[in-house]
Amino acid sequence: MRVLVTGHAGYIGAVLIPVLHGEGHEVVGLDSLLFDGCDLLDVERPDRLITRDLRDITADDLTGCEAVVHLGALSNDPLGDLNPGVTYEINRDASIRLAGLAKEAGIERFVFASSCSLYGAGVGDDLLDESAAFNPVTPYGESKIQVEQALAGLADDTFSPTYMRNATAYGVSPRQRLDIVVNNLTAWATVTGKIRLQSDGTPWRPLVHVRDICEAVRAVLAAPRELVHNEAFNVGRTEENYQIREVATIVGEVVAGSEVTFADGASADIRDYRVTFDKIAQVLPGFSPKWTVRSGAEELHRTFVEVGLAQEHLEGPSFIRLRRLAELIDSGRLSTEVRWIS
């Protein structure tokens with residue numbers, strides 16, 4: 001198929017493009033390129049590139065496409081908190097408009113990158129499945145709920161959305177991020193010998209490797225329509241729910257000689273939930289996640305050593321999304337509405 005991938009130049013998109021190419025798909029990438037040049041490794045390019053803000057997408061951008069994989073968003077909770085109004089404008093309003101344009105263009109398959117963060121603060125010790133109540137604690141999580149609900153209202157015989165509620169991602173990507181937990185802890189351990197916890201380490205979090213997320217996209221696109229039509233799937237493995245302090249222990253075992261420390265002001269995190277992934281395992285036989293936090297930390301550590309990750313990368317703009325945007329805004333290249341200034 002010809003697949004439009006929004007946010008193709010981001011952390012997940014840079015891993016997804018080779019996966020889709022491997023399936024024989026033609027990839028049309030649409031991205032505003034906020035993180036262009038923030039590369040850890042060589043980036044594979046789409047077959048066609050549309051450099052455009054998601055809020056400005058046109059019907060012409062969808063011409064000839066047969067499926068949409070919608071990754072584009074201000075991605076993660078702290079980034080969403082930076083400007084909640086812009087978060088809703090991009091993550092919710094532009095996403096819903098994109099879906100409407102896709103439906104008008106006759107594009108049937110629409111794969112939406114949702115998030116387990118919409119469960120927010122889990123209640124009790126039960127594993128949450130796709131029918132669990134939503135309890136978001138950030139604009140990012142709230143926006144995901146609202147887009148899912150709007151897409152469900154568009155679903156019919158001609159338009160088939162699927163909602164991929166990804167667990168918290170980790171792993172190596174050409175467009176690396178160090179502002180997500182496994183990547184962050186492993187990077188600090190590799191460079192400084194310190195595993196620096198930002199919370200007290202007690203919250204639970206489901207975790208999934210970025211390549212397994214991309215394998216789930218591949219499986220959804222290949223699945224019979226009736227299996228994925230208007231369905232939500234938690235994306236990950238049930239065994240891969242961890243307390244953050246468990247992750248720190250694993251990283252400490254992977255990075256010899258490192259020790260756990262607590263960042264200034266470390267406290268409890270209200271984002272605390274565990275998730276079951278039984279549904280995707282049962283419904284999508286083509287999806288078989290391969291990675292664990294331990295194997296992912298080993299991959300990250302090995303790669304960070306090979307590329308010479310340094311102290312400047314740990315807190316600089318290259319691999320931390322919020323600092324990249326702040327750098328662009330402070331330099332006058334980007335507005336506070338997250339638009340390029342010509």
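Refer to the structure presented above.
The structure presented is a predicted model; accordingly, all values stated were derived computationally and were not measured.

About the criteria used
- Residues numbered from 1 in each chain as written.
- Predicted model: local features only at pLDDT ≥ 70, side-chain atom pairs only at ≥ 80, totals over all residues.
- Heavy atoms only, no water.
- Helix = DSSP H or I, 4+ residues; strand = E, 2+ residues; numbered from the N terminus.
- Rg over C-alpha atoms; globule rule 2.2 N^0.38 Å.
- Buried < 20%, exposed > 50% of the residue type's maximum accessible area, 1.4 Å probe, protein only.
- Contact = heavy atoms within 4.5 Å.
- Areas by Shrake-Rupley, 256 points an atom, 1.4 Å probe, with all protein chains shown as cover.
- Lys, Arg positive; Asp, Glu negative; His and termini not counted.
- Charge placed at Lys NZ, Arg CZ, Asp CG, Glu CD.
- Pairing = 2+ DSSP bridges.
- Axes fitted to C-alpha atoms, helices over the stretch in contact; angles between N-to-C directions.
- Parallel < 35°, antiparallel > 145°, perpendicular 65-115°, else oblique.
- Left-handed = near helix turned anticlockwise from the far one by under 90°.
- Nonpolar A, V, L, I, M, F, W, Y, C, P; charged D, E, K, R; others polar.

Of regular secondary structure, the protein chain possesses 12 helices and 12 strands. Relative to its length of 342 residues, the protein chain is compact, with a C-alpha radius of gyration of 19 Å against a globular reference of 20 Å. When its C-alpha atoms are laid out on the principal axes, the protein chain stretches across 55 × 50 × 35 Å. Burial analysis of the protein chain (342 residues in total) assigns 55% to the buried set. The long-range fraction of contacts in the protein chain, counting pairs at least 24 apart against all pairs at least 6 apart in sequence, stands at 81%. Working note: accessible area of the protein chain is about 13600 Å², and carbon and sulfur atoms make up 48% of it. On the protein chain, the mean spot of the 32 positive side-chain charges and the mean spot of the 50 negative ones are 2 Å from each other.

Neither face of strand β4 (residues 67-70) is left uncovered, since the one carrying Ala67 and Val69 and the one carrying Val68 and His70 both have all their residues buried. Across four bridges, strand β1 (residues 2-6) lies against β4 in parallel orientation. Following the sheet pairing, leucine 4 is matched in β4 by valine 68. Relative to strand β5 (residues 109-115), β4 runs parallel, the two sharing four bridges. Looking across to β5, one finds that histidine 70 is bridged to phenylalanine 112.

This part is about unusual backbone geometry. In the Ramachandran plot, leucine 33 falls in the positive-phi region, its phi being about 60° despite a non-glycine side chain. Positive phi, normally seen in glycine, also occurs at asparagine 230, with a value near 55°. Locating asparagine 230 in the fold gives a position in the loop between α7 (225-228) and β10 (231-235). Judged by relative accessible area, which is 32%, asparagine 230 ranks as partly exposed.

Between two packed helices, both the angle of their axes relative to each other and the distance between the axes serve to describe the pair. One way to put it is that helix α8 (residues 244-254) packs onto helix α10 (residues 293-307) with a least axis distance of 9 Å and a crossing angle of 50°. Between α8 and α10, the crossing angle belongs to the class labelled oblique. Here α8 runs over α10; the crossing is right-handed. On α10, the residues that touch Val247, Ile250, Val251, Glu253 and Val254 of α8 are Val293, Arg294, Ala297, Glu298 and His301.

Turning our eyes to something else, we now look at the packing of helix α1 (residues 13-22) against helix α6 (residues 210-222). At a minimum axis distance of 9 Å, the contact between α1 and α6 shows a crossing angle of 40°. Regarding the angle of α1 to α6, the classification is oblique. Considering how the two elements wind past one another, α1 and α6 form a crossing that is right-handed. Along its contact with α1, which presents Val15, Leu16, Val19 and Leu20, the element α6 presents Val210, Arg211, Cys214, Glu215, Val217, Arg218 and Leu221. Across the contact of α1 with α6, the residue classes tally to eight nonpolar, no polar and three charged.

In spatial order, the strands read β7-β9-β11; together these three strands make up an open sheet with mixed pairing. Lying at the two open borders of the sheet, with one neighbouring strand each, are β7 (168-170) and β11 (241-243). Each adjacent strand pair in this sheet contributes to an overall mean axis angle of 50°, direction not counted. In this structure, β7 lies alongside strand β9 (residues 204-209), joined through three bridges in parallel fashion. Bridging from a neighbouring strand, threonine 168 pairs with leucine 207 of β9. The strands touched by α8 within the sheet are β9 and β11, with β11 carrying the most contacts at an inclination of about 90°.

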